[in-house]
Amino acid sequence: MELISALLVQLMQMMLVLWAAPLLTGFVRKVKARLQRRRGPPILQPYRDILRLLKKEVVVADNASWVFRAAPYLIFAATWVAAALVPTFAKGLLFSWSADLIAIIALLASARFFLALAGMDIGTAFGGIGSSREMMIASLAEPAMLLVVFTMALVARSTQLSAVADLLASSGVGLRVSLGLAMVGLIIVAIAENGRVPVDNPATHLELTMVHEAMVLEYSGRHLAMIELAAAVKLLLYVSLIGCIFVPWTLATPGGSTASHLAGFLAYIAKLAVFGFLLAVFETAIAKMRVFRLPDFVGGALMLGLLGTLLLFASRSL
Amino acid sequence: MSVVAFLMLCAAALLGVALLAAAIARTRAATTIIYGATLVLCITATALSIAALALGGAPSRLVLPVGLPWIGAHFAVDALAAFFLAVVNIGGAAASLYGLGYGAHEEEPHRVLPFFPAFLAGMNLVVLADDAFSYLLSWEFMSLASWALVIAHHRDAENRRAGFVYLIMASMGTLALLLALGLLTGPDGHYDFEAIRLGARTPLASAMVLVLVLIGAGSKAGLVPLHAWLPLAHPAAPSHVSALMSGVMTKVAIYAFIRLVFDLAGPLPWWSGALLLAIGGLSAVLGVLQALMQDDTKRLLAYSTIENIGIIFIGLGLALAFRADGMDAAAALAMTAALLHVLNHSFFKSLLFFGAGAVLTATGERNMDRLGGLIHRMPVSSFLFLAGCMAISALPPLNGFVSEWLTFQAVLQSPDLPQWALKVMVPAAGGLLALAAALAGAAFVKTFGITFLGRPRSDQAAAAHEVDRLSLSAMALLALLCLIAGIIPGFIMDAVAPITRQFAGDALPLQAKLPWLTIVPAFESGSSYNGLLVFLFIGFSALLAVWAIHRFASHAIRRAPAWDCGFPDPSPATQYSGSSFAQPIRRVFLARTPATREEVLMPAPGDMQAARFRLTIADPVWDWLYEPFAAAVEIASLQLNKLQFLTIRRYLSLVFLSLVSLLLVLAIWS
């Protein structure tokens, strides 16, 4: 019985991330539009976009290989699996022991690996520019993320996300300098990894500034739908991650009552709304950076992660 | 007969095959006979060494009445030797299988065939040797055999230069090892390793052994800054030999390091771990950055070997530091990570070199800026090469990720280390490791993307064809091993437990008993990873997505010219090239190094010449270390040259003076 309910919670979370992801994207777009005094598309527009893309025919370039056609599914699968390992509204996911935070980062790296390859498959200049810049950003963001994970793992003495959330939810941790540094680092990484302003502009189609959009330029129809959905899931993943690590108190405990799960669910929706709003405000308030200014920005996260880790090496209580 | 006797028979048989090859190399069937024979011998030796590792028990020894008088030649197989023999012979078997197909394209087989089995025999003998003399003899034999293979294509001036540099570096390495073994054997000449283990030595002697072995074995493994020969020599050899040199011979050097430092040198102070961490971290990052800058696939792979050796040495350095501070469980974890990476790297690096060899066979081209689009003409090779790229980029569920994950877990065990220097070094090394892992991903996106994807950049690339089945089966075998080692790493971790128990004093908890083949680095940490489940999850979700899409979405598909924002350019030169792919990372990480220069030669206004862009990338160690060193040697030899033209009187007084000074030194010393 316990197993079944745990499985149920796991499956619900997997479905939840899938269904909530476009909603978050739509919400961020809407808030940004309102902040710019535009009316903006409806919040449900991303769902309509995906449905429309699914119904359309796929136009594949003449010299596309199987990598181009397989990549959307692999990107989606790796991102979804990674997202399913992050607690959204309840802790103690059934399969959380099968992969820790380092593995979640590596799963996202797999998705990026295939996205970058897909960008190079057709052999256009834009695909190459996107892939090469994406890998440059990743070469800074990924180690930054790992160092942030080190910081949290040293506090929790485990790289398992559920253990980290458990420990941070307990009152024994308190405010720590290292965790503060880690939070700022994680937010910068989240912005960089999701291609948000100031790293990349998700709304741009101005050729020379594109990163993510340049890689997916040749995609259409159901392939593009998978990639758009994967991108939305990735944004939700990072928001859930920040929420479950730094605001872990609302997570329902395994075996808890239905009411506690419901409360956790409502709190999760509230977290998404707050983070989405803050993201939109941040994106509106800041201008996009030149590509070669990015290393300073993302490198800052790397330094913060390293500093947090060093502090914990100096003393476990910092 | 004991295991070691059987393994010695295999090595002797390999030497016999080498002699046979020298006799029949010019006949037509020679390629098949020789590689067939080495394949059979390597498979036998693999089975024997895996059996020795699995059965465990006391080390089996053998003394042969050859070698130095009254001492004889000692050979032994313990858990460490068995593990490395398995690495050597799996790589040897795969290279032989590949050679059966690839060797047919060899233009001068008589320059490759005799040395290939000899090289394999040399590597086996280094691992088997159990006394200082046979050890050094085998080491030098291995170096010379590989040198002969490096200059197999000696008509190319670049290969001759590579051979020359390799020969100098190998001699220097052997000299360092000779001195290290001299210190270990002591004035009484205990050549036998068993006797060396029992002998006592001062901390200073142990530290000197460490530094000398670091130079000797480290130069063979390719540690920065002694790596300069490696990216020249490894690519110069035929591809299956490159695979052996990069995938296997560097591991023999790791074996030499573990044997001489962990086993024979005795207890070492904590700073030895810090030294290894610094060198390992530096090798990892500089190796992968240089790899990213290369446009020659084989040279890129050689630089990436330096990176992976760096990762292994970070693991070994952590193990030394933990051991010195009495944290045996953490030392066992770090050493397991290093050993696992030894095995994993030998799998995927051989696979990638085979892939580069396949491309070379199909197109005659090593420069990726003249390739492209090969995925359409070499579908199987490209799929297998992609598997190797994923494994080396540490992507789950393949094997590279497992050993990097374990290394990270070992890093996370280290805040309890008491020394402040280590407390600062270890997180820095962890950061360098993370940076190297991310850059490796970029390097292999570049390798695969430029070589296999896109549009062909030359006629050779457009006319490429798939390679023969034997080469493909060797690659498929290694790709399969990468997957297996990635999804069930627990069995390998259990297999290396006797080694860590012997050299780190502890072993990881038994992994095979854990549910669902999960791996855990230590019970109290609560961290775990399950490659099998991650593999199944990804497979399941991808299939679910494919099914859902094909069930509910539109099936319509149309082929059309590329979109490219409306202005597709038919010229393949408009694609990103290798160096343009690496440009952003070059700007970020290497902009301020003098070795990397970008020059834009803009003609004056009114001049009709085309503007030119020139990019020069050099390995900075040449300028910083090798050239000054060579200049110093030259000056010194010019000065000493004067001593050749003295009168007999002066010679006599010189001899007398040196005698007196030596006696003085001796008098003060004792």
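Since this is a predicted model, take the numbers as computed values, not measurements.

Cut-off values and rules
Residues numbered from 1 in each chain as written. Chains lettered and ligands numbered in written order. Predicted model: local features only at pLDDT ≥ 70, side-chain atom pairs only at ≥ 80, totals over all residues. Helix = DSSP H or I, 4+ residues; strand = E, 2+ residues; numbered from the N terminus. Rg over C-alpha atoms; globule rule 2.2 N^0.38 Å. Buried ≥ 20, exposed ≤ 12 C-beta atoms within 10 Å, placed from the backbone. Contact = placed C-beta atoms within 7 Å. Nonpolar A, V, L, I, M, F, W, Y, C, P; charged D, E, K, R; others polar. Pairing = 2+ DSSP bridges. Expected span 1.5 Å × (residues − 1). Core = buried A, V, L, I, M, F, W, Y, C linked by C-beta atoms within 7 Å. Axes fitted to C-alpha atoms, helices over the stretch in contact; angles between N-to-C directions. Parallel < 35°, antiparallel > 145°, perpendicular 65-115°, else oblique. Left-handed = near helix turned anticlockwise from the far one by under 90°. pLDDT = per-residue confidence, 0-100.

Asks: Any details on the overall build of chain A? Residues and values, ideally.
Replies: The helix and strand tally for chain A stands at eleven helices and one strand. Whereas a compact globule of 318 residues would reach a radius of gyration of roughly 20 Å, chain A reaches 19 Å, a difference of no more than 12%. Its C-alpha atoms give chain A principal-axis dimensions of roughly 60 × 45 × 45 Å. Each of the 318 residues in chain A was classed as buried or not, and the buried ones make up 61%.

Asks: Please give an account of the overall build of chain B that cites residues and values.
Replies: If you tally the helices and strands in chain B, you get 25 helices and five strands. Taken along its principal axes, the extent of the C-alpha atoms in chain B is 90 × 70 × 60 Å. Classification of the 670 residues of chain B by burial places 56% in the buried group. Put simply, of all contacts in chain B between residues at least 6 apart along the chain, 80% involve residues at least 24 apart.

Asks: Describe in detail unusual backbone geometry, supporting the description with residues and values.
Replies: Cis rather than trans, the peptide bond between A:Val197 and A:Pro198 has omega equal to 10 degrees. Of the consecutive residues B:Pro396 and B:Pro397, the connecting peptide bond is found in the cis state with omega at 5 degrees. As for its position among the elements, B:Pro397 is in the loop between helix H15 (379–392) and helix H16 (399–412). At B:Asp564, a position not held by glycine, the phi torsion is positive, near 50 degrees. Position of B:Asp564 among the secondary structure elements: in the loop between strand S3 (557–560) and helix H23 (578–590). Residue classification places B:Asp564 among the partly exposed positions, given that 19 C-beta atoms sit within 10 Å.

Asks: Break down the interface of chain B and chain A for me, with residues and values.
Replies: Tallying the contact residues gives 72 residues for chain B and 77 residues for chain A. Of all elements in the fold, only helix H14 (374–377), H16, helix H17 (420–452), helix H22 (531–552), S3 and H23 of chain B reach the threshold of two or more residues within the side of chain B that touches chain A. Ranked by residues supplied to the side of chain B that touches chain A, first place goes to H17(B) with 15 residues. The residue inventory of the side of chain B that touches chain A, partitioned by class, reads 45 nonpolar, 21 polar and six charged. Here four bridges tie strand S1 (residues 58–61) of chain A to S3(B), and the two strands are oriented parallel to one another. Its bridge partner lying in S3(B), A:Ala61 is registered against B:Ala560.

Asks: Describe helix H3 (residues 79–102) of chain B, listing the residues and the values that go with them.
Replies: In this model, H3(B) (24 residues) spans 34 Å end to end at C-alpha, consistent with the 34 Å of a helix rising 1.5 Å per residue. Across the 24 residues of H3(B), 24 count as buried, placing the element largely inside the fold.

Asks: Run through the pairing of strand S5 (residues 612–617) of chain B, naming residues and quoting values.
Replies: All names here are of chain B. Among the six residues that make up S5, zero are buried, leaving the element largely open to the surroundings. As paired strands, strand S4 (residues 596–601) and S5 are joined by six bridges and run antiparallel to one another. Paired with threonine 596 across the two strands is isoleucine 617, which belongs to S5.

Asks: Tell me about the nonpolar core, residues and numbers included.
Replies: Residues and elements named next belong to chain B. Of all hydrophobic cores here, the largest spans 382 residues; its most connected members are Leu7 and Val252. A per-element tally of this core places helix H13 (residues 328–363) first, with 22 residues. Ignoring sequence-local partners within four residues, the contact set of leucine 7 consists of Ala45, Leu48, Ser49, Val77, Leu85 and Leu128.

Asks: Describe in detail the packing of helix H1 (residues 3–24) of chain B against helix H4 (residues 115–128) of chain B, supporting the description with residues and values.
Replies: All names here are of chain B. Two elements in contact, H1 and H4, have axes whose closest approach is 8 Å; the angle formed by their N-to-C orientations is 155 degrees. What the angle tells us is that H1 and H4 run roughly antiparallel. The element H1 and its partner H4 pack so that their crossing is left-handed. Each of Val4, Leu7, Met8, Cys10, Ala11, Leu14, Leu15, Val17, Ala18 and Ala21 in H1 lies in contact with H4, whose residues at this interface are Pro117, Ala118, Leu120, Ala121, Asn124, Leu125 and Leu128. Residue classes in the contact of H1 with H4 are distributed as 16 nonpolar, one polar and no charged.

Asks: Run through the environment of A:Pro295, naming residues and quoting values.
Replies: Residues and elements named next belong to chain A. Following the sequence through the fold, proline 295 ends up in helix H11 (residues 294–314). Accessibility expressed as a C-beta count within 10 Å gives 21 for proline 295, which makes it buried. Counting along the chain gives 35 residues from proline 295 to serine 260, while the straight-line C-alpha distance between them is 43 Å.

Asks: Any chance you could break down the packing of H16(B) against H17(B) for me, citing the residues and the numbers?
Replies: All names here are of chain B. Relative to each other, H16 and H17 sit at 160 degrees, their axes nearing to 10 Å. What the angle tells us is that H16 and H17 run roughly antiparallel. For the pair H16 and H17, the sense of crossing is left-handed. Here Glu404, Thr407, Phe408 and Val411 of H16 lie close against H17, whose contacting residues are Val426, Ala429, Gly430, Leu433 and Ala437. In terms of residue class, the contact of H16 with H17 is made up of six nonpolar, two polar and one charged.

Asks: Outline H16(B), listing residues and values.
Replies: With 14 residues, H16(B) should reach 20 Å at 1.5 Å per residue; the first-to-last C-alpha distance of 20 Å fits that figure. Among the 14 residues that make up H16(B), 14 are buried, leaving the element largely enclosed by the rest of the structure.

Asks: Please give an account of the environment of A:Ile43 that cites residues and values.
Replies: Residue and element names in this part refer to chain A. Examined against the element boundaries, isoleucine 43 turns out to sit in the loop between helix H1 (2–35) and helix H2 (45–55). Owing to 17 C-beta atoms within 10 Å, isoleucine 43 belongs among the partly exposed residues under this scheme. C-alpha separation for the pair isoleucine 43 and glycine 300, spaced 257 residues apart in sequence, amounts to 33 Å. With sequence-adjacent residues up to four places away left out, isoleucine 43 is seen in contact with Leu23, Gly26, Phe27 and Lys30.

Asks: Lay out the confidence of the model for chain B in plain terms, naming residues and giving numbers.
Replies: Per-residue pLDDT for chain B has a mean of 91; in total, 99% of the residues score no lower than 70. For this predicted complex, the interface confidence reaches an ipTM of 0.95, while the overall pTM sits at 0.95.

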